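Coordinates in review
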Amino acid sequence: MADAKVIPFDEDRPRRRAPGRRVRAVPEPERRPEVVEPAGPAPSPAGDGWDKRIAGGLAFLRRRITGDYEVDEFGYDKELTDQVLMSLIRPLYDKYFRVEVKGIENIPKEGGALIVANHSGTLPLDGLMMQVAVHDHHPAQRHLRLLAADLVFMLPVVNELARKAGHTLACAEDAQRLLEAGELVGVMPEGFKGIGKPFGDRYKLQRFGRGGFVSTALRAGTPIVPCSIVGAEEIYPMIGNAKTLARLLGIPYFPITPTFPWLGPLGAVPLPTKWTIQFGEPIPTDGYAAEAAEDPMLMFNLTDQVREQIQHTLYKLLVQRRSVFF
């Protein structure tokens, strides 16, 4: 299979055509006497739709085989994400978790923004659901570039899929480059402390680190959009942690839930909880001086402001929901 072209992230180049493809004018058809044919059955709209799908699928496969597609310097493959990866995640989003989205208008229509969310659920499905929420509900169908932990990029297959979907390492340099290029960047500052916390601590935000995400947003001059996710905490109720086994496997924790590992692979199926994702009002950062990113007190205050806004919204959503599953 041919290699894909790699283009610089911040350079806008027109897409090249596959070798041998040329644009040529189509000659006008020769005018012939009009012949009235007997009326027959109308063509099936469903058939036409399937024809277009098959043609589109074949064209997609041809581009993948010939390498006639583009990725940016981070490995992001927009075509693959839109046509394949999103389609695989969307049934889980729409039918299984039945995600309700609020406050999507708080995400800018264009330009960079840092979306900061709580993290939970034992497995990081919340990040994927947030990515679909932004893409499917935002008027501009914007793409969310998530900052992921090192472990994600050490796992085979997962590493490649994460890169193709537009995600990158959770480091300040990559985040700032994406923000300055006008991208939406998602970060979950709780990290493994949030996703691997016991079920008894659900919806209680863990420490948000040292405010690195605030410093990055200040340097890029982009707004911070708090995001609160309700429903992810209950998909895998973590009632225990096999720490010895986790150390042997080289992972942060080994979850024990009411169904896993007792039911084997069946125990890895998440519970069908009802989710709500709410995006809060953005916190602007472009009014601060350039040296503000080095002010530890400002970092602490802004970090605490974002954390408190997410926590307050979580409590409000929990009071409003009727049931964990409905």
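Look up: the structure comes first, before these words.
Summary of the structure given here. Not measured: the values here are computed from a predicted model.

**Let's talk about the overall build of the protein chain**
When its secondary structure is counted, the protein chain shows nine helices and 11 strands. Counting only contacts in the protein chain whose residues sit at least 6 apart along the sequence, the fraction spanning at least 24 positions is 78%. Counting only carbon and sulfur atoms, one obtains 59% of the accessible surface of the protein chain, whose full area is about 18800 Å².

**Re a nonpolar patch on the surface**
There is a patch of nonpolar side chains on the surface, built from Trp50, Ile54, Leu58, Leu61 and Ile65 and spanning about 560 Å² of accessible area. Examined against the element boundaries, Ile65 turns out to sit in helix H1 (residues 45-66). Exposure remark for Ile65: the relative accessible area of 55% places this residue in the exposed category.

**Describing the packing of aromatic side chains**
Here the distance between the centres and the angle between the planes together describe a pair of aromatic rings. Following the criterion strictly, the structure yields four aromatic pairs and no others. Measuring from centroid to centroid gives 5.3 Å for Tyr96 and Phe97, while their planes differ by 75°, and the two rings are edge-to-face. For Tyr96, a relative accessible area of 25% translates into the label partly exposed. Each residue in the set Tyr96, Phe97 and Trp275 is aromatic and connected to the rest through ring pairs, giving one cluster. Positioned above the aromatic ring of Phe153 is the side chain of Arg163, whose terminal nitrogen or guanidinium carbon lies 4.5 Å from the ring centre.

**A short note on the nonpolar core**
Core analysis: the largest hydrophobic core is formed by 30 residues, its most contacted members being Ile115, Met130, Cys227, Ile229, Trp275, Ile277 and Phe279. Of the residues forming this core, the biggest block, six residues, is contributed by helix H3 (residues 125-137). When residues no more than four places from it in sequence are discounted, the contact partners of Phe279 are Val101, Lys102, Gly103, Ile104, Asn106, Ile107, Ile115, Met130, Val134, Val225, Pro226 and Cys227. Counting 29 residues, the second largest nonpolar core, distinct from the first, contains Phe74, Ala217, Val306 and Leu317.

**A closer look at the sheet that holds strand S8 (residues 224-230)**
Each strand in a sheet pairs with its neighbour through backbone hydrogen bonds, running either in the same direction (parallel) or in the opposite one (antiparallel). The strand order S3-S11-S8-S4-S7-S5-S6 describes an open sheet built from seven strands, whose pairing is mixed. With one partner strand each, in any of the chains shown, strand S3 (100-102) and strand S6 (168-169) form the two edges of the open sheet. Here strand S5 (residues 144-148) pairs with strand S7 (residues 184-187) via three bridges, running parallel. Of the residues in S7, the one forming a bridge with Leu144 is Leu184.

**Quick notes on the pattern of salt bridges**
Summed over the entire model, instances satisfying the criterion amount to 15 salt bridges. Between Glu183 and Arg145 there is a salt bridge whose closest N-O contact spans 3.7 Å. A residue pair is termed long-range when its members are at least 10 positions apart, and Glu183 in the loop between helix H5 (172-180) and S7 and Arg145 in strand S5 qualify at 38 residues. Note that Arg219 and Glu294 form a salt bridge whose closest N and O atoms lie 2.4 Å from each other. Of the two residues, Arg219 is situated in helix H7 (residues 212-220) and Glu294 in the loop between strand S11 (276-279) and helix H9 (296-320); the sequence distance between them amounts to 75 residues.

**Some details on H9**
For H9, with 25 residues, the first-to-last C-alpha span of 36 Å sits near the 36 Å given by 1.5 Å per residue. Every buried residue belonging to H9 is among Leu298, Met299, Leu302, Thr303, Val306, Ile310, Gln311, Thr313, Leu314 and Leu317, and all of these are buried. Against S3, strand S4 (113-117), H7, S8 and S11 lie the buried residues of H9. By the N-cap criterion, in which a side-chain oxygen at the helix start approaches the backbone nitrogen of a residue two or three places on, H9 is capped by Asp295, the distance to Met297 being 3.1 Å.

**What about unusual backbone geometry?**
Going from Phe260 to Pro261, the amide bond is cis rather than trans, its omega being 5°. Looking at the secondary structure, you find Pro261 in the loop between strand S10 (255-256) and S11. With phi around 50°, Gln141 is a residue other than glycine that occupies positive phi space. With respect to the secondary-structure elements, Gln141 resides in the loop between H3 and S5. Even without being a glycine, Val157 presents a positive backbone phi close to 70°. Of the residues examined, Val157 reaches a relative accessible area of 59% and is grouped as exposed.

What counts and how
- Residues numbered from 1 in each chain as written.
- Predicted model: local features only at pLDDT ≥ 70, side-chain atom pairs only at ≥ 80, totals over all residues.
- Heavy atoms only, no water.
- Helix = DSSP H or I, 4+ residues; strand = E, 2+ residues; numbered from the N terminus.
- Contact = heavy atoms within 4.5 Å.
- Areas by Shrake-Rupley, 256 points an atom, 1.4 Å probe, with all protein chains shown as cover.
- Patch = residues over 30% accessible without salt bridge, like charges linked within 9 Å, V, L, I, M, F, W, Y side chains within 5 Å.
- Salt bridge = Lys/Arg side-chain N within 4 Å of Asp/Glu carboxyl O.
- Buried < 20%, exposed > 50% of the residue type's maximum accessible area, 1.4 Å probe, protein only.
- Phe/Tyr/Trp six-rings, centres within 6.5 Å; stacked < 30°, edge-to-face > 60°.
- Lys NZ or Arg CZ within 6 Å of the ring centre and 35° of its normal.
- Core = buried A, V, L, I, M, F, W, Y, C linked by side-chain atoms within 4.5 Å.
- Pairing = 2+ DSSP bridges.
- Expected span 1.5 Å × (residues − 1).
- Polar contact = N/O pair within 3.5 Å; in protein donor to acceptor, adjacent residues only side chain to side chain.

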